[in-house]
Amino acid sequence: MLKVEDLYKSYGNVNALNGVTFSLGKGETKVIVGPSGAGKSTLLKCINLLIKPDRGRIFLEGEEITNPSTNENKVRQKIGFVFQEFNLFNHLTVLGNVMIGLTKVKRIPKEEALEKAREVLNMVHIREDLWNRYPSQISGGEKQRVAIARALAMEPVLMLYDEPTSALDPQLADEVLQVIKELSSMGMTSLIVTHEMNFALEVADEILFMSDGRIVHTGSPTELLSSPKHDLAVRFLRLGGINGFLD
Amino acid sequence: MDFWTEFLGSLLSGLLTTLQMILIAAPAGILMGLLLGTMRVYGGRVLSSLALSITAVFRGFPLLVTLFILFFGLSEIKIYLPPFWAAVIGFVLCSGAYISEYVRGSILSIEEGQSLAARSIGMTKLQEILYIILPQAIRRALPSISNEIAYMIQYSSLAFAVGVQEIFSISKTFNSIYFKSIEIFSVLAVIYIILGEISTYIFRFVEKRIRIPS
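These numbers were taken from a predicted model, which means no experiment stands behind them.

Colleague: Could you give an account of the overall build of chain A, with specific residues and numbers?
Modeller: When its secondary structure is counted, chain A shows nine helices and ten strands. Here the C-alpha radius of gyration of chain A, 18 Å, is about what a compact globule of 247 residues would show, namely 18 Å. Seen through its C-alpha atoms, chain A measures out along the principal axes to roughly 55 × 45 × 30 Å. Split into buried and exposed, the 247 residues of chain A put 49% on the buried side. Here the analysis covers contacts within chain A between residues at least 6 apart in sequence; of these, 65% occur between residues at least 24 apart.

Set out below in structure tokens:
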């Protein structure tokens, strides 16, 4: 589904990505973990072509999307992106946020778009009485679930989540994580950047540890819990309050 | 015919001219401001420089100079603009230049995340500007635009300098005949206040209608 080959990106003298290579199969969920500044967000933005990598190639469903002739807008329609700060369109209601991509980008008739919006809003458990509210009138957890619905409405083949719960308190974060977990279990191919180690262990098929723009360690949750082989993995498991592996 | 009957009758015809000028120049000035402000931010090197030049020229010229160039200057190269249209075009250029700065500031104040989110769902740059950025930027610029239009109502009086028979021009003529400065210019001042208040009311109504609830 997704193949990233030897990806490099630098900002001035700072190397944000230093040769990242990995792949993600259809229906798989992989979680990227790492300290701030490791290049996690840059990697996701490169995959969605929001940032242009300096070097390296990205393939989506076998097609090289880093090719200069690629229609970036068409590619982005296939990749859902959920931001840390939600980034809902402030001037549109919940329904408006979910429908705008359908009516303006995909040019789907309004009735059909409304039907699709209803479907995805129900999938992320947004109550009907919130549908006509504006982003400023709903909670952070609701905003993030609407942002997920907005991405889902475009019927993406891949979902990218960039620290989707880091701006939320634990209770609201849990609502969002629950939705992401449900989508993953339904077979949605997902790449998630998060610091929530418990969630990562629960949802991921594989966890990728990033540091200094590189993937320094990978492992399935079972492998990590039984014998974490890398210092970074041990550190993050400890930070997540997961000490069982030491017994 | 007594003074007041003659004066108020003439003033009414002048008021119609003033209103016609404002009703054409205000929307056209707002449109020009939106276009120039958007070009400044998103126009690339060429369009942005062009918009900057237009803005610099018409913000830099005193409006009276612009009106004289349009009316007297152009006539020297055989382009004859009727006084009414010379005034309207002058108002559009002046208000458009100022409004473009308010629009530019509002666009720049929109959080980058809005643009990223628009692109993330596959919007083109034009769709992003039309459906995401401008609807929010216009809301933010509206109080300043309202101010500019209130100001336009006042500077519409400068149209007398190119011979438009609007309310100020008519009042000035009556004053030179009857020397009733206090009566004539008090009535004129009240008319400008009423026009300004109507304009403010309309903009407040629009602001309320399109306000994003918080």
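Colleague: Account for the interface of chain B and chain A, with residues named and values stated.
Modeller: At the junction of the two partners, chain B supplies 19 residues and chain A supplies 22 residues. Here the residues of the side of chain B that touches chain A sort into nine nonpolar, eight polar and two charged.

Colleague: Just give me the short version of the nonpolar core, but keep the residues and values in it.
Modeller: Judged by nonpolar contacts, the single largest core of 133 residues is most densely connected at I47, V82, V98, A149 and L160 of chain A together with A87 of chain B. Considering every element that reaches this core, the biggest residue donor is helix α4 (residues 83-109) of chain B, with 13 residues. Among residues more than four places away in sequence, those in contact with I47 of chain A are L2, V4, I58, I79 and L160 of chain A.

Colleague: Which residues make up the confidence of the model for chain B, and what values go with them?
Modeller: Summarising the model, chain B shows a mean pLDDT of 95, and 100% of its residues fall at 70 or more. Model confidence for the complex: the whole-complex pTM is 0.88, and ipTM, which rates the interface, is 0.89.

Colleague: Describe the sheet that holds strand β6 (residues 79-82) of chain A, naming the residues involved and giving the relevant values.
Modeller: All names here are of chain A. Spatially, β6-β7-β8-β3-β9-β10 is the arrangement adopted by the six strands of the open sheet, whose pairing is mixed. The open sheet terminates on both sides in strands that have one partner only, identified here as β6 and β10 (214-219). Ignoring strand direction, the axes of neighbouring strands in this sheet form an average angle of 20 degrees. Where strand β3 (residues 29-33) lies against strand β9 (residues 206-211), four bridges are found, and the strand directions are parallel. Of the residues in β9, the one forming a bridge with V33 is F209.

Colleague: I'd like a description of the sheet that holds strand β2 (residues 14-24) of chain A, backed by residues and values.
Modeller: All names here are of chain A. Read across the sheet, four strands follow the order β2-β1-β4-β5 without closing on themselves; strand pairing throughout is antiparallel. In this open sheet, the two strands that pair with only one neighbour each are β2 and β5 (63-64). Summarising the sheet, strand β4 (residues 55-60) and β5 pair through two bridges and their orientation is antiparallel. Bridging from a neighbouring strand, F59 pairs with E64 of β5.

Colleague: Describe unusual backbone geometry, and please don't skip the residues or the numbers.
Modeller: Although it is not a glycine, R107 of chain A adopts a positive phi angle of roughly 55 degrees. Inspection of the secondary structure assignment puts R107 of chain A in the loop between α3 (94-105) and α4 (110-123). Classification of R107 of chain A as exposed rests on a count of 8 C-beta atoms within 10 Å. Positive phi outside glycine occurs at F179 of chain B, with the angle close to 50 degrees.

Colleague: I'd love a proper account of helix α3 (residues 63-76) of chain B, names of residues and values included.
Modeller: Residue and element names in this part refer to chain B. End to end, α3 covers 19 Å across 14 residues, agreeing with the expected 20 Å (1.5 Å per residue, within 8%). The largest bend in α3 comes to about 35 degrees, at I69. Buried residues in α3 make contact with α2 (44-60), α4 and α6 (125-155). A positive phi of about 65 degrees marks K78, the residue just after α3.

Colleague: Just give me the short version of the packing of α3 of chain B against α4 of chain B, but keep the residues and values in it.
Modeller: Residue and element names in this part refer to chain B. It is the contact of α3 with α4, at a shortest axis distance of 9 Å, that shows an interaxial angle of 135 degrees. Taken as axis vectors, α3 and α4 run oblique relative to one another. Both α3 and α4 take part in a crossing whose hand is right-handed. Residues L63, T66, L67, L70 and F71 of α3 touch α4, and the partners they reach there are P83, A86, A87, I89, G90, L93 and C94. Considered class by class, the residues forming the contact of α3 with α4 number ten nonpolar, two polar and no charged.

Colleague: Can you tell me about the pairing of β10 of chain A, naming the residues and giving the values?
Modeller: In summary, the side chains of a regular strand alternate between the two faces of the sheet. All names here are of chain A. The pairing of β9 with β10 spans five bridges and is classified as antiparallel. Each residue of the ladder has a partner; that of L208, found in β10, is T218. The hairpin turn running from β9 into β10, its antiparallel successor, is two residues long, and D212 in that turn takes a positive phi close to 50 degrees.

The rules behind the values
Residues numbered from 1 in each chain as written. Chains lettered and ligands numbered in written order. Predicted model: local features only at pLDDT ≥ 70, side-chain atom pairs only at ≥ 80, totals over all residues. Helix = DSSP H or I, 4+ residues; strand = E, 2+ residues; numbered from the N terminus. Rg over C-alpha atoms; globule rule 2.2 N^0.38 Å. Buried ≥ 20, exposed ≤ 12 C-beta atoms within 10 Å, placed from the backbone. Contact = placed C-beta atoms within 7 Å. Nonpolar A, V, L, I, M, F, W, Y, C, P; charged D, E, K, R; others polar. Core = buried A, V, L, I, M, F, W, Y, C linked by C-beta atoms within 7 Å. pLDDT = per-residue confidence, 0-100. Pairing = 2+ DSSP bridges. Axes fitted to C-alpha atoms, helices over the stretch in contact; angles between N-to-C directions. Expected span 1.5 Å × (residues − 1). Bend = angle between axes of the 7 residues up to and from the residue. Parallel < 35°, antiparallel > 145°, perpendicular 65-115°, else oblique. Left-handed = near helix turned anticlockwise from the far one by under 90°.

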